[in-house]
Amino acid sequence: MGLNLSEHPQEAALGECGRDRVGALYTQHAVGLIRAAMLLVGDQASAEDVVQDAFLGLYRVWADLRDHDKAIRYLRVAVLNGSRSVLRGRRRARLIGALQHDPPVWSAESAAMAREDMREVLAAVARLPRRQREVLVCKYYLDLPEQEIATTLRISRGTVASTKSRALAALIADLQEEK
């Protein structure tokens, strides 16, 4: 896993400083964004692809960004949108019968790392509707405040609070049913 910025055709326009800043953002945030994407899409390979695409998108628009301090916000939105695209593609494939399994398929690595109760929680989170899953990932994994979640997901702060509440209630009910 790595982001090779030196082969990009816009290299000269981006400049050394931009390349260094995007590279630093990658070093600092890639693993966390991959983990967040994995919670949304369910497998590490797809999560890595989503994050890689987000950083390449950032690299392409770096010179046009008005506020480079908001780059991490750009990346979060790109990862959420990329995850949604992956899930839409899977849904389309299932509709035409191309997939033979029920996504998400948790990687062997993440299953080995997680205790049994954590796997149950992850499975319950995967069964939540998309928006509820996104709000929980932003709140409890990315540790974003409600206003930042609202901005990232382009919903109101009140919708964030009510969605979070419904998601937690659904998780509790789902996990109690399994016992």
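Above this text sits the structure in question.
Each value, and the rule that gives it
- Residues numbered from 1 in each chain as written.
- Predicted model: local features only at pLDDT ≥ 70, side-chain atom pairs only at ≥ 80, totals over all residues.
- Heavy atoms only, no water.
- Helix = DSSP H or I, 4+ residues; strand = E, 2+ residues; numbered from the N terminus.
- Salt bridge = Lys/Arg side-chain N within 4 Å of Asp/Glu carboxyl O.
- Buried < 20%, exposed > 50% of the residue type's maximum accessible area, 1.4 Å probe, protein only.
- Phe/Tyr/Trp six-rings, centres within 6.5 Å; stacked < 30°, edge-to-face > 60°.
- Core = buried A, V, L, I, M, F, W, Y, C linked by side-chain atoms within 4.5 Å.
- Patch = residues over 30% accessible without salt bridge, like charges linked within 9 Å, V, L, I, M, F, W, Y side chains within 5 Å.
- Areas by Shrake-Rupley, 256 points an atom, 1.4 Å probe, with all protein chains shown as cover.
- Lys, Arg positive; Asp, Glu negative; His and termini not counted.
- Charge placed at Lys NZ, Arg CZ, Asp CG, Glu CD.

Asks: I would appreciate a short explanation of the environment of R166 in the present structure.
Replies: Residue position: R166 is located in helix 8 (residues 157-178). Between the C-alpha atoms of R166 and L128, which are 38 residues apart in sequence, the distance is 9.9 Å.

Asks: Would you mind showing me how to read the pattern of salt bridges here?
Replies: A pair can form between side chains of opposite charge whenever their charged atoms are brought close. This structure, assessed with the given rule, holds nine salt bridges. We note a salt bridge from R84 to E134, for which the minimum N-O separation is 2.7 Å. Of this pair, R84 sits in helix 3 (residues 71-95) while E134 sits in helix 6 (residues 130-141), placing them 50 residues apart in sequence. Residue classification places E134 among the buried residues on the basis of a relative accessible area of 2%. Its salt-bridge partner being R157, residue E146 comes within 3.7 Å of it at the nearest N-O pair. Note that E146 is positioned in helix 7 (residues 146-153) and R157 in helix 8, a separation of eleven residues in sequence. Overall, E146 belongs to the buried group, its relative accessible area being 19%.

Asks: It is not clear to me how the packing of aromatic side chains should be interpreted in this structure. Could you clarify?
Replies: For any pair of aromatic rings, the description consists of the separation of the ring centres together with the inter-plane angle of the planes. Following the criterion strictly, the structure yields one aromatic pair and no others. With 4.9 Å between their ring centres and 75° between their planes, Y26 and F55 make a pair best called edge-to-face. Of this pair, Y26 sits in helix 1 (residues 11-41) while F55 sits in helix 2 (residues 44-61); the two residues are 29 residues apart in sequence, bridging distant segments of the chain. The same class applies to Y26 and to F55, which are both buried.

Asks: I would appreciate a short explanation of the nonpolar core in the present structure.
Replies: Soluble, globular proteins show a tendency: their nonpolar side chains are buried together. Counting 21 residues, the largest nonpolar core has L33, V51, F55, L58, L75 and V79 as its most contacted members. Mapped by element, the contributors of at least two residues to this core are helix 1, helix 2 and helix 3. In terms of residues, this core owes the most to one element, helix 1, which gives nine residues.

Asks: Sorry, what's going on with a positive patch on the surface here?
Replies: Together, R88, R91, R92 and R94 make up a positively charged patch on the protein surface. If you trace the backbone, R88 turns up in helix 3. For R88, a relative accessible area of 39% corresponds to the partly exposed category.

Asks: Quick question: what am I supposed to make of the environment of G18 here?
Replies: Within the fold, G18 resides in helix 1. C-alpha of G18 to C-alpha of H68: the two residues are 50 residues apart in sequence and 9.2 Å apart in space.

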